[in-house]
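Chain residues, written in single-letter form:
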Amino acid sequence: MASLYNLFIINKSGGLIFYKDYGSTRRLDTNDSLRLASLWHSMHAISIQLSPTPGCTGMEVLEADTFDLHCFQSLTGTKLFVVSEPAAPGINALLKTIYELYADYVLKNPFYEAEMPIRCELFEYNLLQAIRREKYSVGGQ
């Protein structure tokens, strides 16, 4: 069972609108999570400009020795990225599932204002269920 450490959702302006820690070894405080989201947004934008491949949509995976960072960018510019253990299988499918949940429970919520932080219990509940259904461990479970 692969481990999922963190989930970030960034709006098209680069602002962090959702962060969830699923039991990483070192929990990020609020400032660190904001910095990481901003850094990823900037690196993603720079990678589009520096890419020698025409039509490049930016970095999708950052592989390190102790973690992998996978990104999914929607057509509206919203970015979802997860930090997982190295070589965790099926992360791209999980990101698409998370985006579907985001569309269903956040964007269709009449009380949600676009580009604002996400405060939706149904989204968080269904998100946790989807992660468990995909057989990822969260919080050491």
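The following refers to the structure shown. (Residues numbered from 1 in each chain as written. Predicted model: local features only at pLDDT ≥ 70, side-chain atom pairs only at ≥ 80, totals over all residues. Heavy atoms only, no water.)

## Considering the packing of aromatic side chains
Overall, the coordinates contain 6 aromatic pairs when judged by the stated rule. The interplanar angle of 40° and the centroid separation of 5.7 Å between the aromatic rings of Trp 40 and Phe 81 together place this pair among those described as tilted. Note that Trp 40 is positioned in helix H1 (residues 30-50) and Phe 81 in strand E5 (residues 79-84), a separation of 41 residues in sequence. We classify Trp 40 as buried; its relative accessible area is 2%. Here Tyr 99 and Tyr 102 contribute two aromatic rings whose centre-to-centre distance is 5.9 Å and whose plane-to-plane angle is 40°, an arrangement assigned as tilted. With a gap of 3 residues between them, Tyr 99 and Tyr 102 both fall in helix H2 (residues 91-107), about one helical turn apart. An aromatic cluster is present here, built from Phe 8, Tyr 19, Trp 40 and Phe 81 joined pairwise through their rings. (Phe/Tyr/Trp six-rings, centres within 6.5 Å; stacked < 30°, edge-to-face > 60°. Helix = DSSP H or I, 4+ residues; strand = E, 2+ residues; numbered from the N terminus. Buried < 20%, exposed > 50% of the residue type's maximum accessible area, 1.4 Å probe, protein only.)

## As for unusual backbone geometry
Backbone geometry at Ala 87 places phi at a positive 60°, although glycine is not the residue there. With respect to the helices and strands, the residue Ala 87 is situated in the loop between E5 and H2. With relative accessibility at 67%, the residue Ala 87 sits in the exposed group. The residue Glu 115 is not glycine, and still its phi comes out positive at about 75°. Within the element layout of this structure, Glu 115 appears in the loop between H2 and helix H3 (121-133).

By themselves, these figures tell us nothing about what the structure is for.
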